[in-house]
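Listed below are the residues making up each chain.
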There are 2 protein chains.
Amino acid sequence: MSAPGPVSSGEDDLIARYFRPLAHDPGALGLIDDAAILQANGADVVVTVDAVVEGVHFLPDDPPQSIARKALRVNLSDLAAKGARPAGFVLALALRRADERWLAAFARGLGDDSVAFNCPLLGGDTVSTPGPLTISITAFGRVPTGQMARRSGARSGDHIAVTGTIGDAAAGLRVLRDASLGARLSPPDRELLIGRYREPQPRVALASAVRSCASAAMDVSDGLAGDLGKLCAASGVGAEVSAAAVPLSDAVRALLAAGGVHLADLLSGGDDYEILCTVPPVRWETFVRLAAGAGIPVTRIGVVTEAGEMPRIVDEAGERIAFARNSFSHF
Amino acid sequence: MSAPGPVSSGEDDLIARYFRPLAHDPGALGLIDDAAILQANGADVVVTVDAVVEGVHFLPDDPPQSIARKALRVNLSDLAAKGARPAGFVLALALRRADERWLAAFARGLGDDSVAFNCPLLGGDTVSTPGPLTISITAFGRVPTGQMARRSGARSGDHIAVTGTIGDAAAGLRVLRDASLGARLSPPDRELLIGRYREPQPRVALASAVRSCASAAMDVSDGLAGDLGKLCAASGVGAEVSAAAVPLSDAVRALLAAGGVHLADLLSGGDDYEILCTVPPVRWETFVRLAAGAGIPVTRIGVVTEAGEMPRIVDEAGERIAFARNSFSHF
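It should be emphasised that the depicted structure is a prediction, and the values quoted were computed from it without experimental measurement.

**Looking at the interface of chain B and chain A**
- Counting residues at the interface gives 83 residues for chain B, matched by 83 residues for chain A.
- When the two sides are added together, the surface that chain B and chain A hide from each other amounts to roughly 6600 Å², 62% of it contributed by carbon and sulfur.
- Scanning the region where chain B abuts chain A turns up six salt bridges.
- Arg151 of chain B is the partner of Asp34 of chain A in a salt bridge, and the nearest nitrogen-oxygen pair spans 2.9 Å.
- The tally of links from chain B across to chain A stands at 20 residue pairs in polar contact (both at pLDDT 80 or more).
- If you list the elements that add at least two residues to the side of chain B that touches chain A, you get α1 (10-19), β1 (36-39), β2 (44-53), β3 (85-95), β4 (121-128), β5 (134-143), β7 (216-220) and α8 (224-235) of chain B.
- The greatest single-element share of the side of chain B that touches chain A, amounting to nine residues, is contributed by β2 of chain B.
- Each residue belonging to the side of chain B that touches chain A can be placed in one class, and the counts come to 46 nonpolar, 21 polar and 16 charged.
- Pairing of strand β2 (residues 44-53) of chain A with β1 of chain B involves four bridges; the strand directions are antiparallel. The residue of β1 of chain B that forms the bridge with Val45 of chain A is Leu38 of chain B.

**Section: the sheet that holds strand β1 (residues 36-39) of chain A**
- Across the sheet, which stays open at both edges, the five strands sit in the order β1(A)-β2(B)-β5(B)-β3(B)-β4(B) with mixed pairing between neighbours. Across the chains shown, the open sheet's two edge strands, defined by having one partner strand only, are β1 of chain A together with β4 of chain B. Mean inter-strand twist for the sheet, computed between neighbouring axes without regard to direction, equals 20°.

**Considering the pattern of salt bridges**
- Under the definition given, this model contains 38 salt bridges over all chains.
- Put simply, Lys70 of chain A and Asp271 of chain A hold a salt bridge, and the shortest N to O gap is 3.6 Å. Pair noted here: Lys70 of chain A is in helix α2 (residues 64-81) and Asp271 of chain A is in the loop between α10 (263-267) and β9 (274-279), with a separation of 201 residues, a long-range link. As far as the burial class goes, Lys70 of chain A and Asp271 of chain A line up, both buried.
- With a closest N to O distance of 3.2 Å, Arg96 of chain B and Glu54 of chain B form a salt bridge. Within this pair, whereas Arg96 of chain B is found in the loop between β3 and α3 (100-116), its partner Glu54 of chain B is found in the loop between β2 and α2 (64-81), the two being separated by 42 residues in sequence.
- A relative accessible area of 41% means that Arg96 of chain B is categorised as partly exposed.

**Here's the deal with the relation of the copies chain B and chain A**
- Relative to chain A, chain B is turned by 180° and slid 0.0 Å along the rotation axis, the superposed coordinates differing by an RMSD of 0.0 Å. This pairing of chains is accounted for by a two-fold axis. In terms of proximity to the rotation axis, the leading residue of chain B is Gly131 of chain B, whose C-alpha is 2.2 Å off the axis.

**So, helix α9 (residues 250-257) of chain A**
All names here are of chain A.
- Along α9, the positions that sit buried rather than exposed are Ala251, Val252 and Leu255. Seen along its axis, α9 keeps its buried residues to an arc of 95°; they face one direction. Of the exposed residues in α9, the ones pointing more than 90 degrees away from its buried face are Asp250 and Ala257.
- Considering only its buried residues, α9 is in contact with α4 (168-177), α5 (179-182), α6 (187-198) and α10.
- Following α9 by one or two positions, Gly259 adopts a phi angle in the positive range, close to 80°.

What counts as what
Residues numbered from 1 in each chain as written. Chains lettered and ligands numbered in written order. Predicted model: local features only at pLDDT ≥ 70, side-chain atom pairs only at ≥ 80, totals over all residues. Heavy atoms only, no water. Contact = heavy atoms within 4.5 Å. Buried area = accessible area lost by both parts, 1.4 Å probe. Salt bridge = Lys/Arg side-chain N within 4 Å of Asp/Glu carboxyl O. Polar contact = N/O pair within 3.5 Å; in protein donor to acceptor, adjacent residues only side chain to side chain. Helix = DSSP H or I, 4+ residues; strand = E, 2+ residues; numbered from the N terminus. Nonpolar A, V, L, I, M, F, W, Y, C, P; charged D, E, K, R; others polar. Pairing = 2+ DSSP bridges. Axes fitted to C-alpha atoms, helices over the stretch in contact; angles between N-to-C directions. Buried < 20%, exposed > 50% of the residue type's maximum accessible area, 1.4 Å probe, protein only. Least-squares fit on C-alpha atoms with pLDDT ≥ 70 in both. Arc of directions from axis to C-beta.

Don't take any of this as a statement about function, it's just geometry.
And the structure:
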C-alpha cells in the first residue's frame with residue numbers, strides 16, 4: 001500500500017536506469033514525457049521501422065549488445081540507403097521479464113551505437129510479453145527537401161552497384177545453425193561470418209554519395225536477388241547482373257570452396273545490410289570517388305536494362321542462375 | 001524454383017492487399033519503398049510510440065477491428081494530450097500466421113480510424129513471431145514550434161481537469177474477466193464498459209485547447225492516481241484532488257453500487273485514455289469554452305499545490321485514499 005505520489009514503478013525504474021542515459025537529445029525530454037519532439041530543421045524527415053523477434057531475426061543466446069546493435073543498425077541501414085543522416089530513434093521493447101544484467105548489456109550496446117552513429121534515443125515504450133523478446137525501432141533521418149533516394153528512379157543503362165561484400169551474414173547464420181559447416185572454416189573466417197550476421201555494418205557514411213549520385217537505392221536486407229527484383233519492379237526496368245562480379249569475402253569464398261553452401265543461397269539469403277544502388281554512367285566516377293573518400297568499397301555488378309525484361313543474375317557462361325527462393329519472406 | 005524478377009512474396013502480397021489502401025499520404029510512397037517521408041511543414045514533429053501485446057493489452061478473442069483501433073488510438077491519445085494534430089503513423093506488426101480473415105478485419109479497423117482521425121499510414125514492417133500478436137505503432141503529430149504541451153509546466157494554484165469519465169475501461173476489463181461481475185449490470189452498461197476497454201476514444205478534438213490553455217498535460221493510460229503523480233513529479237508540484245469530483249459514468253456508478261469493485265481500483269486502473277491537464281485560473285474559462293466547442297466534457301477535479309507535498313486524492317471526509325497500487329506497471 002502506498003499513497004499516490006511521485007511514482008516509482010518497476011517500469012519507470014528500468015527506463016530511468018538503463019535508457020535515460022541514452023536520451024541526450026533535448027527533444028527526448030529526458031524520457032519523462034509522453035512524446036518526443038523531433039525538429040525537422042527545414043529538411044524532410046525520413047521514417048523507417050524495423051522489428052526484430054527472438055528466434056526469427058536473432059538467436060536467443062546472441063549477446064544482448066549484438067541484439068541491440070542489430071535492432072538499431074537495420075534501421076540505420078535503411079536511412080543510409082535513402083541518403084538520410086540519422087536524427088534519432090524510438091524503441092518499443094517487449095520483454096518477458098526484467099533481467100537487469102541482460103538489460104544493462106542491451107542498453108550499453110544501444111548506447112554505444114547511438115553515440116557512434118549520432119542517432120539519439122528520443123522515446124520508447126517498454127511492455128511485458130509472455131512471448132519472445134521483440135524489439136521494434138522507428139528511426140528518423142533528415143534529407144534536404146525532395147532529395148530522398150528512392151527505389152523507383154533506375155533507368156536503362158545505369159550501372160548497378162553494391163557496397164561491401166554479399167552473402168557473409170547468410171553464411172554466418174548457416175554456420176551458427178550447423179557446427180559441421182563452421183568446422184570447415186578457420187576460426188577467424190568463422191568469427192567474421194558470425195559477426196556479419198550478428199552485427200550489420202550500416203553504410204551511414206555513404207548516405208550523401210547515394211543522395212547526390214544514385215538514381216535508385218535500397219539496402220539489401222532480404223537477399224540481393226529478391227531486393228534487386230523489388231528495385232527493378234519499383235523503377236519499371238530490368239537488370240543484368242553477373243554473379244562473378246558480386247563481391248565476396250575471402251571467408252565466403254573459403255566456405256564455397258569447402259562445398260558447404262551454394263552461391264545462389266548467398267545471393268538470396270539476406271541480412272547483408274549493404275547498399276544496392278543504380279548510378280547513371282555520367283555520375284559513376286563521382287560516386288566511386290565519394291565512396292572511396294567515405295572509406296566504403298563499392299563494386300559494379302551489372303547494368304539496368306529496358307523495362308519488360310526480368311532481372312537476370314547470370315553465371316560465367318551467361319546462363320541465368322535459378323534460385324530456390326528470391327528473398328526472405330516471413331509468410 | 002523461380003527466376004529472380006519482380007518479387008511477389010507472401011509478405012509483399014499481404015502488405016499490398018491489406019495495408020497499401022491505407023497509405024494514401026504521398027509520403028508513404030505507396031509502401032513500396034524502404035522509408036517514408038514526413039514533411040514537418042515548419043512545425044515541430046511530435047513522436048510517440050506504444051506497443052500492445054495480445055494477452056497483456058488486449059484479449060486474444062477481442063475483435064480484430066477493436067485491436068487495430070486500440071493500437072492506433074492509444075497513440076492518438078498521446079498526441080492529443082501533447083496538443084498535437086495527427087500527421088501519420090508507422091506500424092510494426094508481429095504475427096504468428098497470416099490469417100487473411102483476421103488481417104482483413106484488422107486492416108479495416110485501422111483504415112477506418114486512419115480516415116476518421118486524419119492520420120495516414122506512412123510505413124511499416126510485418127514480421128513473423130512464434131509468440132503473441134504484438135503491434136507497435138509510432139505516431140507523429142505536428143505542433144507550432146516550441147508549443148508541445150508537456151508534463152512539466154504545472155504551477156501551484158492551477159486547476160486540475162480531466163476529460164470524459166474515469167474508470168470505465170478498468171471496470172470493462174474486470175467485467176470481461178469475471179462474468180459474475182457483468183451479471184450485476186444491465187446489458188447496455190456492460191457493453192459500454194467493455195467498449196471503453198476495447199476502443200478508447202482519443203480526445204483529438206481537444207488538442208488545440210490543451211495547447212493554448214494547459215500548463216501541463218498527459219493522457220491517463222496507467223491510472224489517474226499514478227499518472228497524476230507522474231505529472232506532479234515532472235512539474236515539481238503537489239496536488240489535492242477530490243475523489244467525489246472525479247467524473248464517473250452511470251455504468252461505473254451502477255457497478256460501484258452493486259459492490260463489485262472499489263473506487264480506488266478504478267482511480268488507479270488505467271486504460272482511460274482521457275486527458276489529465278492543469279490549467280492556470282486565468283485561462284480556465286477559455287479552456288472550458290474551447291472544450292465545449294469541441295464537444296468534449298471537462299471536469300475540474302482538484303488543484304495544484306506547492307512542491308514538497310505528495311499528491312493527495314481525498315474522499316468526502318477529506319481523508320487520503322490509499323491505493324493498492326498507484327498505476328499499472330509492466331514490471
